[in-house]
Amino acid sequence: MNLWIFSFLASYKKHIRVQDRNNHLTDQQLLALCKDTDNNQYLGILLQRYTLLLLGVCMKYLKNEEEARDAVQQVFIKVIKEVKKYEITFFKSWVYMVAKNHCLMELRKRHRTVPDDFAGGLPADEQDPIDQRHERDGKEQLMGLVEQGLSQLQEPQKQCVTLFYLEKKSYQEIAEQTGVSLMQVKSAIQNGKRNIKIWVEKQQNQHAS
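Residues numbered from 1 in each chain as written. Predicted model: local features only at pLDDT ≥ 70, side-chain atom pairs only at ≥ 80, totals over all residues. Heavy atoms only, no water.

## A short note on the state of the cysteines
Covalent bonding between the sulfur atoms of two cysteines is what defines a disulfide.
Part 1: By the definition in use, this model includes zero disulfides.
Part 2: Sulfur of C103: no disulfide; nearest cysteine sulfur belongs to C58 and is 3.8 Å away. (Disulfide = S-S within 2.5 Å.)

Printed below as a string of structure tokens:
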């Protein structure tokens, strides 16, 4: 299994010029190219783009560097096999959840303590296929609304929310990066989160009516 992923990455490295030409593309553009051309080189760019994020997630939950690196390889394999099956609105959030759910399964296999922030749902692999599809569709739709709601925010709410929730920056790191006070950062994140929630609920109510 590990040889398979190394083979994929080796093939990807042979075409490093593709990355140089396309590294400026957004996640959605790379996903579209991957599906339209059936060329995994574009997916390779995405996976390399978020390798450090995935390693951080796996380290956070598995608490072991070797296990975390192996988990990232397994996540790569899962993504490569499944990414073309679904309509993914926000790749970074989707791949984050793939990694998180993989770690949950590993913790359960080894009878380790599951962190509190895992509560509230089983990984997709453990769900009934019908429930799995419905839940996935619902999550994808919600994620799309959240992404749209984020785009509606004004600065500095948009920037602070993005840095805090998507890039996992601390309040202090955001303050230093944006040049605003710590209190302003906290306020922007709280207000931005609330405004996104209001916007999403408004859209859901309109679709339900």
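## Overview of the packing of helix α6 (residues 65-82) against helix α7 (residues 91-109)
Part 1: Between α6 and α7, the shortest axis-to-axis distance is 10 Å and the interhelical angle comes to 125 degrees. By the angle between their axes, α6 is oblique relative to α7. When the axes of α6 and α7 are compared, the crossing they make is right-handed. Only F91, W94, V95, V98, A99 and H102 of α7 make contact with α6, whose side of the interface consists of A71, Q74, V75, K78 and V79.
Part 2: Here the residues of the contact of α6 with α7 are counted per class, giving eight nonpolar, two polar and one charged. (Axes fitted to C-alpha atoms, helices over the stretch in contact; angles between N-to-C directions. Helix = DSSP H or I, 4+ residues; strand = E, 2+ residues; numbered from the N terminus. Parallel < 35°, antiparallel > 145°, perpendicular 65-115°, else oblique. Left-handed = near helix turned anticlockwise from the far one by under 90°. Contact = heavy atoms within 4.5 Å. Nonpolar A, V, L, I, M, F, W, Y, C, P; charged D, E, K, R; others polar.)

## So, helix α5 (residues 51-62)
Within an α-helix, residues lying three or four positions from one another point in the same direction, as the helix has 3.6 residues per turn.
Part 1: With 12 residues, α5 should reach 16 Å at 1.5 Å per residue; the first-to-last C-alpha distance of 16 Å fits that figure.
Part 2: Taken residue by residue, α5 has L54, L55, V57, C58, Y61 and L62 as its buried positions. In a view along the axis of α5, the buried residues occupy a sector of 160 degrees, so they form one face of it.
Part 3: Turning to α5, the residues buried within the fold contact α6 and α7.
Part 4: Following α5 by one or two positions, K63 has its phi on the positive side, about 60 degrees. (Expected span 1.5 Å × (residues − 1). Buried < 20%, exposed > 50% of the residue type's maximum accessible area, 1.4 Å probe, protein only. Arc of directions from axis to C-beta.)

## Description of the packing of aromatic side chains
Part 1: On inspection of all chains with the given rule, the structure shows three aromatic pairs.
Part 2: Between the aromatic rings of Y50 and F91, the centroid separation amounts to 6.0 Å while the plane-to-plane angle is 35 degrees, which identifies the pairing as tilted. In this pair, Y50 is assigned in the loop between α4 (40-49) and α5 and F91 in helix α7, connecting sequence segments 41 residues apart.
Part 3: Overall, F91 belongs to the buried group, its relative accessible area being 1%.
Part 4: When the ring of F91 is compared with that of W94, the centres are 6.0 Å apart and the planes differ by 45 degrees; the resulting orientation is tilted. Within this pair, F91 and its partner W94 are both found in helix α7, separated by three residues, close to a single helical turn. Take F91 and W94: they sit in the same class, and that class is buried.
Part 5: Every member of this aromatic cluster is reached through a ring pair, and the members are Y50, F91 and W94. (Phe/Tyr/Trp six-rings, centres within 6.5 Å; stacked < 30°, edge-to-face > 60°.)

## Side note on helix α9 (residues 157-166)
Part 1: Of all the positions in α9, only Q157, C160, V161, L163 and L166 are classed as buried.
Part 2: Two residues or fewer after α9 comes K168, characterised by a positive phi angle close to 60 degrees.

## Observations regarding unusual backbone geometry
Part 1: Put simply, E155 and P156 share a cis peptide bond, and its omega is 5 degrees.
Part 2: Along the chain, P156 falls in the loop between α8 (129-152) and α9.
Part 3: Residues other than glycine seldom take positive phi values, yet D38 does so here, at roughly 55 degrees.
Part 4: In this structure, K63 takes a positive phi of about 60 degrees despite not being glycine.
Part 5: With respect to the element layout, K63 can be found in the loop between α5 and α6.

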